[in-house]
Amino acid sequence: MSASDESLHLTATDLRMATFRLARRLRCARAADSMSDAQLAVLADLRMNGRRTISTLAERERVAAPSMTGLVNGLEEQGFVVRTPDEDDRRRVQVDITDAGIAIVVETIRRRDELLADMLREVDYTEAELTTLREASALMRRAVER
């Protein structure tokens, strides 16, 4: 069964507003104040997926390769990533996360999870409501990961 266009638009509006406000609150919690959200996203991708080329990172983050080069340069200067020559094609460079980069990602995730747990605690949701939120998050991931 397919949802009506009106229902989809209303749901899209509600989700956009709620996720925008939530993301804005969570972005304030990070382990390194000088790091941008884009840089954190690159580090998180590298931590989750391992070494990547700049073009692959750019594609995943939906930015131009020169923009990604700038992000990676900044991360490299701070010691959060290293570049290594590609084993198969010496013209390509792979980007790897360092232990310091992993520590930033882990601490930022911890802080953001703690902040969100505090926000949920303040509302005093029932177990059924928390289950609904977990189910909704799975549905949202399905939409995002397409």
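Preceding block: the structure.
Only a predicted model underlies this, so the values are computations on that prediction, with no experimental measurement involved.

Caption draft 1: Up close: the overall build of the protein. For the protein, the count of helices and strands is 6 helices and 3 strands. For the protein, the sequential pattern of α-helices and β-strands runs α-α-β-α-α-β-β-α-α. Relative to the compact-globule value of 15 Å for 146 residues, the protein shows a C-alpha radius of gyration of 18 Å, a clear excess of over 25%. Overall, the protein is about 55 × 35 × 20 Å in size when its C-alpha atoms are taken along their principal axes. Counting only residues that meet the buried cut, the protein has 23% of its 146 residues in that class. Look at the contacts in the protein between residues 6 or more apart in sequence, and 54% of them connect residues 24 or more apart.

Caption draft 2: Expanded view of unusual backbone geometry. At Arg62, a position not held by glycine, the phi torsion is positive, near 60°. Counting through the fold element by element, Arg62 comes out in the loop between helix H3 (54-61) and helix H4 (65-77). With a relative accessible area of 73%, Arg62 lands in the exposed category.

Rules used in this analysis
- Residues numbered from 1 in each chain as written.
- Predicted model: local features only at pLDDT ≥ 70, side-chain atom pairs only at ≥ 80, totals over all residues.
- Heavy atoms only, no water.
- Helix = DSSP H or I, 4+ residues; strand = E, 2+ residues; numbered from the N terminus.
- Rg over C-alpha atoms; globule rule 2.2 N^0.38 Å.
- Buried < 20%, exposed > 50% of the residue type's maximum accessible area, 1.4 Å probe, protein only.
- Contact = heavy atoms within 4.5 Å.

Read these as geometric descriptors, not functional statements.
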